[in-house]
Amino acid sequence: MTTDLMTCPSCHATIPLQEARFCPYCGKMFKISTSIGKQVVVYFVSLFIPPFGFWYVWKYIRQGDRKSKVIGIVAAILTVISIVISIWLWDKSVAALNQAMNASLGGFGLY
Ligand SMILES: [Zn+2]
């Protein structure tokens, strides 16, 4: 597994992104990205790989500023919607499978 690296905007030291709440070299605090590109990634992950969405939710809500919190809340909503849709689709396919089974058993005179 690779570790994402970023450069401190203050002292230009290279630091792991996981610890990017503040720079371990100069102590400067900084925020995680709230750019549109980053938001698209966060929302995409929330919708298509829901368990990872919760990781972003936690990370963004913890930031404390308003914009990050909004991103975290939207990601949370998308994650929940995605999970609900997955359960609903699963339910639908199980029901369809049951129906198909019953129909074929009926055809053989076993039902
Ligand atoms: Zn620094």
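Residues numbered from 1 in each chain as written. Predicted model: local features only at pLDDT ≥ 70, side-chain atom pairs only at ≥ 80, totals over all residues. Heavy atoms only, no water.

### What about the packing of helix 1 (residues 36–48) against helix 2 (residues 50–61)?
Then, number 1: As a packed pair, helix 1 and helix 2 sit with axes 6 Å apart at the nearest point and diverge in direction by 140 degrees. The angle between helix 1 and helix 2 falls in the class oblique. The chirality of how helix 1 crosses helix 2 is left-handed. Judged by residue contacts, K38, V41, V42, V45, S46, L47 and F48 of helix 1 engage P50, F52, G53, Y56 and Y60 from helix 2. (Axes fitted to C-alpha atoms, helices over the stretch in contact; angles between N-to-C directions. Helix = DSSP H or I, 4+ residues; strand = E, 2+ residues; numbered from the N terminus. Parallel < 35°, antiparallel > 145°, perpendicular 65-115°, else oblique. Left-handed = near helix turned anticlockwise from the far one by under 90°. Contact = heavy atoms within 4.5 Å.)

### Some thoughts on helix 1
Then, number 1: The end-to-end C-alpha distance of helix 1 is 18 Å, a good match for the 18 Å that 13 residues give at a rise of 1.5 Å each.
Then, number 2: Residues Q39, V42, V45 and S46 constitute the buried set of helix 1. Viewed end-on, helix 1 has its buried residues packed into an arc of 130 degrees, placing them on one side of the element. In this structure, helix 1 carries I36, V40, F44 and F48 as exposed residues pointing more than 90 degrees from its buried face. (Expected span 1.5 Å × (residues − 1). Buried < 20%, exposed > 50% of the residue type's maximum accessible area, 1.4 Å probe, protein only. Arc of directions from axis to C-beta.)

### Section: the side chain of S46
Then, number 1: Mapped onto the fold, S46 is located in helix 1.
Then, number 2: At 2.7 Å, the side chain of S46 and the backbone oxygen of V42 are in polar contact.
Then, number 3: Those residues within four positions of S46 in sequence are excluded, and the remaining contacts are G53, A75, L78, T79 and S82. (Polar contact = N/O pair within 3.5 Å; in protein donor to acceptor, adjacent residues only side chain to side chain.)

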